[in-house]
Number of protein chains: 4
Amino acid sequence: DLPFALISGPCQLESLDHARMLAGRLVEVTSERGIPYVFKASFDKANRSSLVGKRGVGIEAGLDILAAIRDELGCPVLTDVHTAEQCAIAADKVDIIQIPAFLCRQTDLLLAAGETGAAINVKKGQFLAPWDVQNIVDKIASTGNERILLTERGASFGYNMLVSDMRSLPIMARTGFPVVFDATHSVQLPGGQGTSSGGQSEFVPPLARAAIATGCSAVFIETHEEPSRSPSDGPNMVRLDDMAALLDQLQALDRVVKA
Amino acid sequence: DLPFALISGPCQLESLDHARMLAGRLVEVTSERGIPYVFKASFDKANRSSLVGKRGVGIEAGLDILAAIRDELGCPVLTDVHTAEQCAIAADKVDIIQIPAFLCRQTDLLLAAGETGAAINVKKGQFLAPWDVQNIVDKIASTGNERILLTERGASFGYNMLVSDMRSLPIMARTGFPVVFDATHSVQLPGGQGTSSGGQSEFVPPLARAAIATGCSAVFIETHEEPSRSPSDGPNMVRLDDMAALLDQLQALDRVVKA
Amino acid sequence: DLPFALISGPCQLESLDHARMLAGRLVEVTSERGIPYVFKASFDKANRSSLVGKRGVGIEAGLDILAAIRDELGCPVLTDVHTAEQCAIAADKVDIIQIPAFLCRQTDLLLAAGETGAAINVKKGQFLAPWDVQNIVDKIASTGNERILLTERGASFGYNMLVSDMRSLPIMARTGFPVVFDATHSVQLPGGQGTSSGGQSEFVPPLARAAIATGCSAVFIETHEEPSRSPSDGPNMVRLDDMAALLDQLQALDRVVKA
Amino acid sequence: DLPFALISGPCQLESLDHARMLAGRLVEVTSERGIPYVFKASFDKANRSSLVGKRGVGIEAGLDILAAIRDELGCPVLTDVHTAEQCAIAADKVDIIQIPAFLCRQTDLLLAAGETGAAINVKKGQFLAPWDVQNIVDKIASTGNERILLTERGASFGYNMLVSDMRSLPIMARTGFPVVFDATHSVQLPGGQGTSSGGQSEFVPPLARAAIATGCSAVFIETHEEPSRSPSDGPNMVRLDDMAALLDQLQALDRVVKA
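Counting restarts for each chain: residues are numbered from 1 in the order of the written sequence. Throughout, the order in which chains and ligands are written sets their labels, letters from A for the former and numbers from 1 for the latter. Note on the predicted model: pLDDT of at least 70 is required for a residue's local features to be given, and 80 or more for side-chain atom pairs to be given and counted; whole-chain, interface and lining totals, by contrast, use all residues. Side-chain numbers here rest on the full set of heavy atoms in the structure, without hydrogens or water.

Caption draft 1: Here's a closer look at the pairing of strand β9 (residues 179-182) of chain C. Residue and element names in this part refer to chain C. Neither face of β9 is open: one carries V179 and F181, the other V180 and D182, and all of them are buried. Here a strand pair is declared whenever DSSP counts at least two bridges between the two strands. Only runs of H or I of at least four residues qualify as helices and only runs of E of at least two qualify as strands under DSSP, and these elements are numbered from the N terminus. Judged from the three bridges that link them, strand β6 (residues 148-152) and β9 form a sheet pairing that is parallel. If you follow E152 over to β9, its bridge partner there is F181. Strand direction decides the pairing type here: β9 and strand β12 (residues 218-224), joined by three bridges, are parallel. Paired with F181 across the bridge in β12 is V219. Accessible area is worked out with a 1.4 Å probe on protein chains only. A residue is then buried under 20% of its type maximum, exposed over 50%, and partly exposed in between.

Printed below as a string of structure tokens:
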């Protein structure tokens with residue numbers, strides 16, 4: 001088994017300068033440790049809890065920033081798409097396109113994503129059993145594209161709460177594709193603050209450690225230099241200054257499990 | 001409170017003849033009883049469990065059939081849309097456009113639907129708390145369109161199962177908009193048959209009765225002359241020949257509750 | 001199918017005078033309507049959320065009050081037991097002994113209850129699937145006692161919340177035994193107030209109506225002349241003065257469903 | 001933080017010879033590694049799914065075996081009690097008495113257990129939120145006994161399935177008491193085989209690793225030389241021969257997390 005990779009970034013793009021600062025620090029901290037790193041950021045938040053939530057910089061400006069990060073820093077970049085039309089446009093500038101959890105069963109989106117030839121990270125819907133990702137994999141693979149990643153981001157557990165079922169990581173791994181644990185969105189409290197989602201950032205480190213201990217391939221952790229100022233997902237983000245210590249722990253655990 | 005309405009049809013369109021036969025029977029059985037009736041059918045099943053599932057006749061052919069039903073039989077017609085682009089196209093031919101449950105938080109889709117001026121039926125996501133539909137309502141109402149219906153179709157309850165929380169009907173009614181209980185999809189067993197969803201049609205009548213007894217505005221019940229031959233949702237459909245007796249019961253219950 | 005019965009009372013016994021007043025009013029309101037009625041009260045609350053909660057009058061004083069109610073008012077009485085030893089003692093004074101939901105799988109308690117020959121009302125655990133009550137029924141029936149009632153009181157749904165799955169009523173009815181819907185405890189918010197359970201009394205009427213509409217045999221509704229003064233379960237009780245109107249509605253619905 | 005401890009044994013006692021063999025092997029494998037070890041076995045299974053399930057050797061014979069194991073092998077022993085009366089009897093022979101999950105809110109049982117002065121391991125009910133264990137702790141501590149352990153054994157997740165919420169380990173740790181992860185019962189499928197509970201023993205190692213990675217104090221893992229011959233819980237047991245390798249992994253992870 002390969003050592004774990006880190007997918008990380010600021011949730012939504014704020015500006016090139018901000019993306020460059022964050023990605024630069026993350027490249028530094030991961031390359032020092034030999035951890036494969038993918039920069040992730042969204043150009044649009046298409047399913048905010050309410051209209052009040054900030055949407056993002058838009059697809060053109062966003063993809064330009066992502067391409068600049070890739071070129072300047074040499075790390076692969078990942079972004080999420082929301083329509084079939086966006087797939088080819090995004091795949092032109094990024095390495096991995098991501099299918100949001102709510103959209104994980106939209107056939108046309110999966111096929112359009114597959115047809116780009118880009119790597120595709122599918123987030124398992126909060127409503128989906130882990131064994132049912134096989135149907136998603138089959139939809140994408142029908143395009144001839146088998147560069148697939150599968151992400152656990154929590155399952156619905158009553159109202160306004162998710163639970164991370166750690167069994168889903170080995171279950172999804174049976175597909176043969178790498179499995180990512182999204183430690184940021186798994187601790188979301190959906191809709192829990194009226195017009196936005198709450199979060200429990202204190203559980204990101206223990207859940208990320210737990211996921212690595214099961215033997216998964218990657219973790220996704222959103223970060224910000226000042227989470228309370230992030231335009232989205234602040235309540236479940238890890239502070240940038242705390243990433244190095246967390247990665248040290250995850251790397252040591254990963255080495256034990258994959259020894 | 002107004003008497004309950006029925007939304008019913010064959011799940012996905014098969015042909016004009018088939019739609020005409022079903023709609024004709026449903027118009028007959030509801031008009032005899034004075035029950036307001038809306039014909040519902042899908043032109044595309046955009047989120048089938050797997051690629052193996054039949055997708056449908058397509059948007060052009062489908063809307064033509066729906067428009068023909070409306071013209072010939074005089075009943076309003078409803079169909080579901082899957083992209084922002086489809087909203088205006090569909091609204092040109094149908095009375096009510098429906099937002100699928102998985103897509104109930106996609107802002108662009110809600111805004112595009114709202115802007116058509118058509119009535120909009122939003123199915124509450126399996127992952128959404130009933131009080132969180134207020135944010136959805138606000139997104140649509142921001143377009144100036146307040147012709148909104150809200151549908152309960154079951155909440156995630158562990159894996160491969162939904163539960164119908166009857167509290168959600170009065171909770172969603174607090175928005176001031178009519179609330180529909182979807183008795184067909186609430187008894188779905190999502191992904192429960194490998195490449196398709198199973199269902200428990202034996203629970204459609206008791207759950208429909210329960211919903212009416214809480215005082216909701218409408219029920220949605222899919223029907224087919226031979227459910228086992230339906231290209232989708234067969235396991236949770238009511239046989240066409242059984243609709244009249246069920247409607248008699250629902251109507252009597254509705255009169256008690258709204259007396 | 002027989003018309004529905006009402007099981008009702010003050011949750012925990014406060015005094016003979018109080019029990020007499022409540023039972024008297026309930027006998028009056030049910031006998032006027034021809035609704036079979038069972039008085040229910042607890043002599044001990046053995047599983048309060050915290051030590052702060054009031055426990056009750058004790059088994060001796062409690063059973064004396066229950067026996068007095070039965071003798072004076074002529075209605076059957078029901079109380080819950082918590083140990084195997086209490087079964088025979090309680091069965092000497094009451095008509096129906098009740099097994100609390102948390103204890104529904106305790107074999108010795110079920111056998112001791114069965115051996116008394118009294119009727120036994122088992123509350124389905126919040127953790128139990130409705131089809132799994134068959135094993136409970138079999139444990140009791142092994143004593144030769146088949147005077148069994150089964151009660152739905154909500155299933156765990158995430159933390160601090162229950163959901164009433166109305167499917168469980170017809171599913172439990174497949175055992176051949178009468179099924180009771182406990183509208184009071186189904187709207188409990190377990191542990192939701194720190195050292196006590198919260199509740200949503202506004203949902204008691206719609207859920208009771210929904211349960212009757214499925215066709216169940218009885219409903220259990222706790223009541224108090226002033227719920228906010230009840231030593232337990234106040235937040236989910238129906239005010240005594242509101243019982244008559246609710247019963248009228250339930251009776252009319254019951255007649256429709258069992259016509 | 002102290003290194004993790006192992007609680008392990010055969011689920012239910014079969015005979016002194018069998019207990020001696022298992023405990024001997026477990027003492028050997030843990031002492032070689034410096035892992036604190038507690039032998040656990042039940043003298044009675046008081047809440048089997050159905051009457052068909054084997055109950056156990058009984059309290060007298062069972063406690064004698066446990067006392068013999070303690071004397072011969074020098075390891076502390078743990079057993080579960082089901083009534084208030086059993087507490088003092090059991091505490092006379094064992095070091096730790098365990099409160100079963102279904103009984104975790106039975107006040108009299110908790111008080112009787114507390115009054116023995118023995119250490120008490122409370123299994124959190126499948127229906128209980130992790131923050132609500134504080135009320136349980138307070139009940140026990142009211143007796144002056146603060147030798148308390150708290151065990152996570154899975155939360156209800158729909159029907160016939162549990163989910164292990166790894167957040168519950170740090171949440172329960174806020175009480176200040178050691179937290180145990182029960183990797184055996186967390187993978188139970190309650191009632192999932194008709195008259196007995198199924199299990200998913202393949203998930204015991206990843207969940208045990210995940211729990212250790214969060215930083216918990218102990219893990220509970222049932223074992224048997226031949227799980228398929230165990231009179232209970234066979235489907236979720238780890239084979240005795242596989243324990244050493246699993247413990248090596250857990251110990252290495254524990255050292256990373258507590259470094």
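Caption draft 2: Molecular detail of unusual backbone geometry. At N160 of chain C, a position not held by glycine, the phi torsion is positive, near 60°. Mapped onto the secondary structure, N160 of chain C falls in the loop between β7 (155-156) and β8 (162-163).

Caption draft 3: Layout of empty space enclosed by the protein. The distinction between a cavity and a pocket rests on a 1 Å grid over the protein atoms alone: a 1.4 Å probe fits inside a cavity but cannot get out, while a pocket stays open yet meets protein on both sides within 12 Å along at least five of seven lines, and a residue with an atom within 4 Å of a point counts as lining. Grid points are joined across faces, edges and corners, and a volume is the space filled by probe spheres set on the points. According to the stated counting rule, one finds 14 cavities of 30 Å³ or more in the structure shown. Its boundaries defined by the atoms lining it, the largest cavity holds a volume of some 90 Å³. Lining the largest cavity are S49, N160, P190 and G191 of chain C together with R105, F127, L128, A129, D132, N135 and I136 of chain D. Polar here means any residue other than Ala, Val, Leu, Ile, Met, Phe, Trp, Tyr, Cys and Pro, which are nonpolar, and Asp, Glu, Lys and Arg, which are charged; Gly is therefore polar. Of the residues that constitute the lining of the largest cavity, the class distribution is five nonpolar, four polar and two charged. Taken as a whole, the second largest cavity encloses approximately 70 Å³ of empty space. Partitioned by chemical class, the residues of the lining of the second largest cavity number six nonpolar, three polar and two charged.

Caption draft 4: How the structure looks around the interface of chain B and chain A. We call two residues in contact whenever any of their non-hydrogen atoms come within 4.5 Å of each other. On the side of chain A, 35 residues touch chain B, which itself brings 35 residues to the contact. Buried area between chain B and chain A, both sides added, is near 3200 Å², and the carbon and sulfur share of it is 49%. One speaks of a salt bridge when a side-chain nitrogen belonging to Lys or Arg is within 4 Å of a carboxyl oxygen belonging to Asp or Glu. Here chain B is connected to chain A by two salt bridges. A salt bridge links D108 of chain A to R55 of chain B; the shortest N-O distance between them is 3.0 Å. Any pair of N or O atoms that falls within 3.5 Å is considered a polar contact. Within protein, one atom must be able to donate a hydrogen and the other to accept it, and sequence-neighbouring residues count only if both atoms are side-chain atoms. Taken together, chain B and chain A are joined by twelve residue pairs in polar contact (both at pLDDT 80 or more). The set of elements that each furnish at least two residues to the side of chain B that touches chain A consists of α4 (107-115), α5 (133-141) and β7 (155-156) of chain B. Buried area: the sum, over both parts, of the accessible surface (1.4 Å probe) that disappears when the two are put together.

Caption draft 5: Examining helix α5 (residues 133-141) of chain C more closely. Looking at α5 of chain C, one finds that the buried residues are V133, N135, I136, V137, K139 and I140 of chain C. Against the buried residues of α5 of chain C lie α4 (107-115), β5 (119-123), β6 and α6 (168-173) of chain C.

Caption draft 6: Broad picture of the environment of I148 of chain C. Residues and elements named next belong to chain C. Tracing the sequence through the fold places I148 in strand β6. Take I148: its relative accessible area is 3%, and that puts it in the buried class. For the pair I148 and T175, spaced 27 residues apart in sequence, the C-alpha separation works out to 10.0 Å. With residues up to four places along the chain from it excluded, the contact list for I148 reads I120, V137, I140, A141, F177 and P178.

Caption draft 7: Highlighting the interface of chain D and chain C. Each partner contributes to the interface: chain D provides 35 residues, whereas chain C provides 36 residues. At the surface where chain D touches chain C, the tally comes to two salt bridges. Only α4 (107-115), α5 (133-141) and β7 (155-156) of chain D provide two or more residues apiece to the side of chain D that touches chain C.

Caption draft 8: Representation of the relation of the copies chain B and chain A in the model. In superposing the copies, a least-squares fit is computed on C-alpha atoms, taking residues whose pLDDT is at least 70 in both. Overlaying chain B on chain A yields an RMSD of 0.0 Å, the required transformation being a rotation through 180° with an accompanying axial translation of 0.0 Å. As the rotation angle and translation indicate, the two copies are arranged about a two-fold axis. Identified as the residue of chain B closest to the rotation axis by C-alpha distance is F102 of chain B, at 2.8 Å. The overlap is high: 100% of the interface residues of chain B also sit at the interface in chain A, so the same surface is used on both sides.

Caption draft 9: Spatial organisation of the side chain of R209 of chain A. Mapped onto the elements, R209 of chain A comes out in helix α7 (residues 204-214). Despite its burial, R209 of chain A pairs with no opposite charge, the nearest such side chain being D1 of chain D at 8.2 Å. Once residues lying within four places of it in the same chain are set aside, the contact partners of R209 of chain A are Q249, L250 and L253 of chain A together with A213, T214, G215 and V257 of chain D. All tallies of charge rest on Lys and Arg as positive and Asp and Glu as negative; His and the ends of each chain are not included.

Caption draft 10: Geometry of the relation of the copies chain D and chain C. Note on the copies: chain D fits chain C at an RMSD of 0.0 Å, the axial shift is 0.0 Å, and the rotation between them is 180°. Comparing interface residues between copies, 100% of those in chain D also lie at the interface in chain C; the contact surface is shared.

Caption draft 11: How the structure looks around the pairing of strand β2 (residues 37-40) of chain D. Residue and element names in this part refer to chain D. Side chains Y37 and F39 project from β2 onto one buried face, and the interleaved V38 and K40 project onto a second face that is buried too. Note that strand β1 (residues 5-9) and β2 share three bridges and pair parallel. Looking at the pairing, I7 lines up with V38 of β2. Sheet topology note: the β2/strand β3 (residues 77-80) ladder contains two bridges and is parallel. Following the sheet pairing, F39 is matched in β3 by V77. Handedness of a crossover: with both strands directed away from the viewer, a clockwise path from the first strand across the helix to the second marks it as right-handed. Note that the unit made of β2, helix α2 (residues 59-73) and β3 has a crossover that is right-handed.

Caption draft 12: Quick peek at the packing of helix α1 (residues 16-33) of chain C against helix α8 (residues 243-257) of chain C. All names here are of chain C. Axis definition: a line fitted to C-alpha atoms, limited for helices to the stretch in contact. Angles are taken between N-to-C directions and run from 0 to 180 degrees. Where α1 contacts α8, the two axes come as close as 11 Å, and the packing angle between them is 30°. As judged from the angle between their axes, α1 and α8 are roughly parallel. As α1 runs across α8, the sense of the crossing is right-handed. Touching L26, V29, T30 and R33 of α1 are M243, A244, L247, D248, Q251 and R255, all from α8. Under this scheme an angle from 65 to 115 degrees is roughly perpendicular, one under 35 degrees roughly parallel, and one over 145 degrees roughly antiparallel; angles in between are oblique. Crossings are assigned a handedness: left-handed for a near helix turned anticlockwise from the far helix by less than a right angle, right-handed for a clockwise turn.

Caption draft 13: Inspection of the state of the cysteines at higher detail. Our working definition of a disulfide is a cysteine sulfur pair at a distance within 2.5 Å. Evaluation of the coordinates by the stated rule reveals zero disulfides over all chains. Left unpaired, C75 of chain D is separated from the closest cysteine sulfur, that of C11 of chain D, by 17 Å.

Caption draft 14: Highlighting the packing of aromatic side chains. When the centres of two rings from Phe, Tyr and Trp lie within 6.5 Å, Trp using its six-membered ring, the rings pair. Their planes under 30 degrees apart give stacked, over 60 give edge-to-face, and anything left gives tilted. Under the counting rule described, the total for this entry stands at 16 aromatic pairs over all chains. Arranged with centres 5.2 Å apart and planes meeting at 75°, the rings of W131 of chain A and Y159 of chain B form a pair that is edge-to-face. Of this pair, W131 of chain A sits in the loop between β5 (119-123) and α5 (133-141) while Y159 of chain B is found in the loop between β7 and β8 (162-163), placing the two residues in two different chains. Here the aromatic rings of F157 of chain A and F157 of chain D are separated by 6.3 Å at their centres, their planes lie at 40°, and the arrangement is tilted. Highlighted residues: F157 of chain A in the loop between β7 (155-156) and β8 (162-163) and F157 of chain D in the loop between β7 and β8 (162-163), drawn from two different chains. The exposure classification of F157 of chain A matches that of F157 of chain D, with both residues buried. Three or more aromatic residues joined by ring pairs form one cluster here, namely W131 and F157 of chain A, Y159 of chain B, Y159 of chain C together with W131 and F157 of chain D.

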